[in-house]
Each structure stands twice: as C-alpha cells, then as structure tokens.
Amino acid sequence: MTDNRFLWEYDEALGFDGLCGIDEVGRGPLAGPVCAACVVLPRGLKLPALNDSKKMTEKRREETHALLTGCPEVFYGIGFATQQEIDEINILQATFLAMHRAYGELLQKLPEPAGNETVLNTAADPANIQVLYLWEEGNVPAKTQFTQDMTGYFDSWDFRPYVTAIPVREGVEPKGAVVLMAGGAYQFRGNYTDSLPTAAALRELGFQTFIVDYRLSPYTQEEGALDVARAVRFIRKNADIYGIDPNDIAVMGFSAGGIQAGEFLMHYDEAVNGTALDSTYAPDELDAVPAHASAAGMIYSFYGRLSVGNMDPDWLKEGDLPPTFYVYGTEDPFYRQFQQQYDVISDMGISTSRIVLNGWPHGFGADGGWVKDYAAWLEAVFSNADKG
C-alpha cells in the first residue's frame, strides 16, 4: 500500500484533523440492495496488508476485517439502500442515501440527558442508569469559542458534557467507582467500542461505573479535564448513596481518553475548578468537593499529549500521580512510548502495574482478559487508600 503520510500532512495543511473515507458496493448487480461503508483510521495505524479489496486474498480480507472492526480507534459505519429505494430514486441517489446512512451510523453516540437533569439539580440513583449533564446551562467553563457557524465536528456547537452512571447490579456490594473516558483522537468518542463494554464488565465485578462524554475538538484537553473533575466531584459528593468510600475512585481512559484522564490528574484535580480557565465561571456547591482520585488506568495510553507521552520525571512529579495501571499491546505503534513511560513512572516510586498483550495492536477495548486483573488491582489500591 502506498505510504499515506503525505496525505495526513495534506489534510493538516488544509486545517482538517481527520479524514473519513467512504465507498459503495452493489451498484453493478442487476438485483439486490446497495451498500456503503465509511471509515476513519487512526493516525499512525500500520496495516501493510490493507489494500484494494480486489487485490487481497479472501483470507487476508478476513484477517484485515477482524483487525479493523476490533479496534476501538477505528470508527466505521455501514448503510444500505433497499431494492425498492433504488427503483424509486435511481441507483445514484440510492448510493448517496446509503452513504448518508453509513455516515450517520459512524456518529453513534450515547443517549443524552432527558430535559435539563444535571449532577447538581438531580439526586443520585444507585438503582438505575442515569444520564446527567455535568454543568448547569449557561455556566460551562470554557476558553474556546465554539459558535453556531462552526461545523464539521463530532458534537454540535451547543454540546453540553454529560455523564452516564451505570451502577452495580442489585444485591452486589460496591467495591469502588470507576470513571471512564473513550478514545477517538479528540475527534470522536468510541463509547460503544471501548468504555461501554468495559463499564459493563466492571459493574459485574462490583464497581460503580461512570462514562464521561467530555468535550472534543475544537475544545482543548484542558477543558475536557474540567469535565472529568466535575464527574469525580459528583461521585465523591454522593459516595454514601453509591455505597463507596469517597477515596475509592479511579479514572481511566482509552488512548485519547487516557490522555484526558492524565490531564485531569496532572493539572485539574483536587481544589482546581472552572475559574482556572474561565474567569466568568461561577463556582457552585459542587466545586467545594475536592476532585480526588486514588487510581488511574491507562489503556493503550499515557500521561502527555495526543500521540506524545511525556517522559520528564520533573514534569510528571508535578501531578502527584496516583497508582497507575497500564494495558497495551506489543504491536501498538506507541508501544515503545508505553514501555518507556511505565519505566519512568516506576523509577519515580509511583505504584504501577501493567498487562502487555503479545501481538495485540492499538485498540482492543475490553478484550484481552485484562479487565479482571485491573479490577483486582483496583481492590488492592483502594484497600491501601482506605487504610491510609
């Protein structure tokens, strides 16, 4: 396959952060529907076998298909137009319709809150799934101006960050809480492919789980960190209701979501509130609750910026980082960075643990058998935090 680095550089020069490829199949046959698929590949993904499907063997196509659809950092959607629609609007328009549906599936999101329910005006419910806005309407701290005329982003200009609380099953004694952030290079949130299945697994293991739909581009990493802090404050305030110790909270993320968790832990935890970025923000009663987390999970991720882990011990020391659990594969393009930062963090005396999946690429969600080990590690960390 031709080296596509120039194409990435071309996209960046035009001001695009990502590129969606879309194509159809089924225009030639005399009968049957037309199908379209659109895909966004993560920057740095290396699949030498990826090529025109007609130039690949059936075995190679199946192998590549499994790699792409099993990677949470690969976003894709599939759409169809039926035979009847083809007859009614012609094959060209039906192809466009299928492409539109494929693009719509690509943008699948977790449901937003009903009405104006927020973490401030709504009581926590440990018996049911809740979806709550993180900020009060008109009081969302920001330094980025996201206006109505700015289009082409995953979220609309009036997006409000929210949290989805998924409690343990009835009769299960909670062991703690975990805040999860999906990856997506700050262009998407892959909740359905990484954070949601992981939350489902963790709740079965006794953890109250909270998925944060944090702010993406054009917002900054710093603004998203405030979203994470807000969720942590909500959980700590309602720790008794959720049946947990307020110190037994972990933040974790996948790829860019892990970087987001790291930004929170480095610069926006404890007493830091929205005024750190926005002087017009009016603190409320929730801001009086320290945004404290006792553990971190870096799932194919690291402390740093997008695609670049920070290896400076002096910088990392500024964050007073909690025990950190790393999970990554040996075929990940960032494998060496994960290895290096793990060693740096360990040498600093920060409690660390890791699972390295041999032969696994970037993006595997809850697969690989790591969730149970992570849950056991969290129990041990929380136990030490409670004794402390």
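Look above for the structure.
Please read all numbers here as calculations on a predicted model, not as lab measurements.

Parameters and conventions
Residues numbered from 1 in each chain as written. Predicted model: local features only at pLDDT ≥ 70, side-chain atom pairs only at ≥ 80, totals over all residues. Heavy atoms only, no water. Helix = DSSP H or I, 4+ residues; strand = E, 2+ residues; numbered from the N terminus. Rg over C-alpha atoms; globule rule 2.2 N^0.38 Å. Buried < 20%, exposed > 50% of the residue type's maximum accessible area, 1.4 Å probe, protein only. Areas by Shrake-Rupley, 256 points an atom, 1.4 Å probe, with all protein chains shown as cover. Lys, Arg positive; Asp, Glu negative; His and termini not counted. Charge placed at Lys NZ, Arg CZ, Asp CG, Glu CD. Expected span 1.5 Å × (residues − 1). Contact = heavy atoms within 4.5 Å. Pairing = 2+ DSSP bridges. Axes fitted to C-alpha atoms, helices over the stretch in contact; angles between N-to-C directions. Salt bridge = Lys/Arg side-chain N within 4 Å of Asp/Glu carboxyl O. Phe/Tyr/Trp six-rings, centres within 6.5 Å; stacked < 30°, edge-to-face > 60°.

Draft legend 1. Summary view of the overall build of the chain. Check the secondary structure of the chain and you find 11 helices and 13 strands. Taken over the C-alpha trace, the chain has a radius of gyration of 22 Å; the compact-globule value for 388 residues is 21 Å, and the two agree within 12%. Seen through its C-alpha atoms, the chain measures out along the principal axes to roughly 70 × 45 × 45 Å. A buried classification covers 50% of the 388 residues belonging to the chain. Summed over its atoms, the accessible surface of the chain is roughly 18,200 Å², and 52% of this surface lies on carbon and sulfur atoms. When the 28 basic and 54 acidic side-chain charges of the chain are each reduced to a single mean position, those positions are 5 Å apart.

Draft legend 2. How the structure looks around helix α8 (residues 256–267). Compared with an ideal rise of 1.5 Å per residue, which puts 12 residues at 16 Å, α8 spans 16 Å between its outermost C-alpha atoms and is within 8% of the ideal. Among the 12 residues that make up α8, 11 are buried, leaving the element largely enclosed by the rest of the structure. Residues Ala 256, Gly 257, Gly 258, Ile 259, Gln 260, Ala 261, Gly 262, Glu 263, Phe 264, Leu 265 and Met 266 constitute the buried set of α8. Buried residues along α8 sit in contact with β6 (176–181), α6 (221–237), β8 (249–254), β9 (295–299), β10 (304–305) and α9 (313–317).

Draft legend 3. Representation of the sheet that holds strand β1 (residues 21–25) in the model. Spatially, the three strands line up as an open sheet ordered β1-β2-β3, and their pairing is antiparallel. Each end of this open sheet is capped by a strand with a single partner; those strands are β1 and β3 (75–81). The average angle at which neighbouring strand axes cross in this sheet is 15°, direction not considered.

Draft legend 4. Broad picture of the pairing of β3. Of the two faces of β3, only one is covered, namely that formed by Phe 75, Gly 77, Gly 79 and Ala 81; the face formed by Tyr 76, Ile 78 and Phe 80 stays uncovered. With seven bridges joining them, strand β2 (residues 34–40) and β3 adopt antiparallel strand pairing. Bridge pairing links Cys 38 to Gly 77 in β3.

Draft legend 5. Spotlight on the pattern of salt bridges. Applying the stated rule across the entire model yields 11 salt bridges. Where Lys 175 meets Glu 379, a salt bridge forms, and the shortest distance between an N and an O atom there is 3.3 Å. Taken together, the residues span a long stretch of sequence, with Lys 175 in the loop between β5 (162–166) and β6 and Glu 379 in helix α11 (residues 370–387) at a distance of 204 residues. The partner of Asp 227 in a salt bridge is Arg 215, and the shortest N-O contact between them spans 2.9 Å. Pair noted here: Asp 227 is in helix α6 and Arg 215 is in the loop between β7 (207–213) and α6, with a separation of 12 residues, a long-range link.

Draft legend 6. Representation of the packing of aromatic side chains in the model. Applying the stated rule across the entire model yields 23 aromatic pairs. With centroids separated by 6.2 Å and ring planes inclined at 90°, the aromatic side chains of Phe 302 and Phe 334 adopt a geometry described as edge-to-face. With Phe 302 in the loop between β9 and β10 and Phe 334 in the loop between β12 (324–329) and α10 (335–347), this residue pair connects regions lying 32 residues apart in the sequence. Both residues of the pair, Phe 302 and Phe 334, belong to the buried class. On the basis of an interplanar angle of 55° and a centroid distance of 5.2 Å, the ring pair of Phe 325 and Trp 377 is categorised as tilted. Of this pair, Phe 325 sits in strand β12 while Trp 377 sits in helix α11, placing them 52 residues apart in sequence. By relative accessible area, which is 2% here, Phe 325 ends up buried. Look at Trp 377 and you get buried, because its relative accessible area is 12%.

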